[in-house]
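Commentary on secondary and tertiary structure
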Amino acid sequence: MATQQEPAPPPAWTPPKYLPPVEPLRRPDGSSHCSGISYATSMGYRPLQTELRTPADAVRPPCVVWSHGGAWIFGDGRSLPETVEGDGIFDAPLNAGIAVASIDYRLSAEASFPAQLHDVKADDSPHERGLTR
């Protein structure tokens, strides 16, 4: 009589990895723009990212968090509404010595509401972790 083999255990779950940020871009006015800072991961979803803009020569400046519009359906933290010229939403705070963190969240096609609110709350803003210099 043949013995039955036990099924192999399922592979261990590995959490999604945070994506490494790219080197900050220095703008002509001395401010910096760091793109692609992962601030949260959820199993089965893409890492959520923030764009961090810091004023010139700032050491731990105050920070405004920009959460893009789009009714949870569309949009991206890297793009501004058509009604705003250039980088107006980002330039005004930078000129006043305030950093701007522009965050992404899962859209409603990716995750059901209230996941978007959870994503926005998950961003403790990189300046809180001492990433602004």
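These notes cover the structure that comes with them.

A separate point is unusual backbone geometry. A cis amide bond links Phe113 with the next residue in sequence, Pro114, at an omega value of 15 degrees. Examined against the element boundaries, Pro114 turns out to sit in the loop between β5 (99-103) and α2 (115-122). Backbone geometry places Asp57, a non-glycine residue, at a positive phi of 55 degrees. A residue is classified by how much of its surface remains accessible, and Asp57, at 79% relative accessible area, is exposed. A positive phi angle is found at Arg60, which is not glycine, with a value near 50 degrees. When you line up the elements, Arg60 lands in the loop between β3 (48-54) and β4 (63-67).

Restricting attention to buried positions, one finds in helix α1 (residues 88-95) the residues Phe90, Pro93 and Leu94. Seen from one end, α1 has its buried residues packed into an arc of 100 degrees, which puts them on one side. Gly97, located one to two residues past α1, shows a positive phi value of around 85 degrees.

Judged by pairing direction, the sheet is mixed, and its 5 strands sit side by side in the order β1-β2-β3-β5-β4 without closing on themselves. Sheet topology places β1 (25-26) and β4 at the edges, where each strand pairs with a single neighbour. Pairing between β3 and β5: 4 bridges, direction antiparallel. Opposite Leu52, over in β5, you have Ala101 as the bridge partner. Sheet contacts for α2: β2 (32-40), β3, β4 and β5; angle to β2, the most-contacted strand, approximately 125 degrees.

Relative to the helices and strands, His68 resides in the loop between β4 and α1. Classification of His68 as buried rests on a relative accessible area of 5%.

Cut-offs applied
- Residues numbered from 1 in each chain as written.
- Predicted model: local features only at pLDDT ≥ 70, side-chain atom pairs only at ≥ 80, totals over all residues.
- Heavy atoms only, no water.
- Helix = DSSP H or I, 4+ residues; strand = E, 2+ residues; numbered from the N terminus.
- Buried < 20%, exposed > 50% of the residue type's maximum accessible area, 1.4 Å probe, protein only.
- Arc of directions from axis to C-beta.
- Pairing = 2+ DSSP bridges.
- Contact = heavy atoms within 4.5 Å.
- Axes fitted to C-alpha atoms, helices over the stretch in contact; angles between N-to-C directions.

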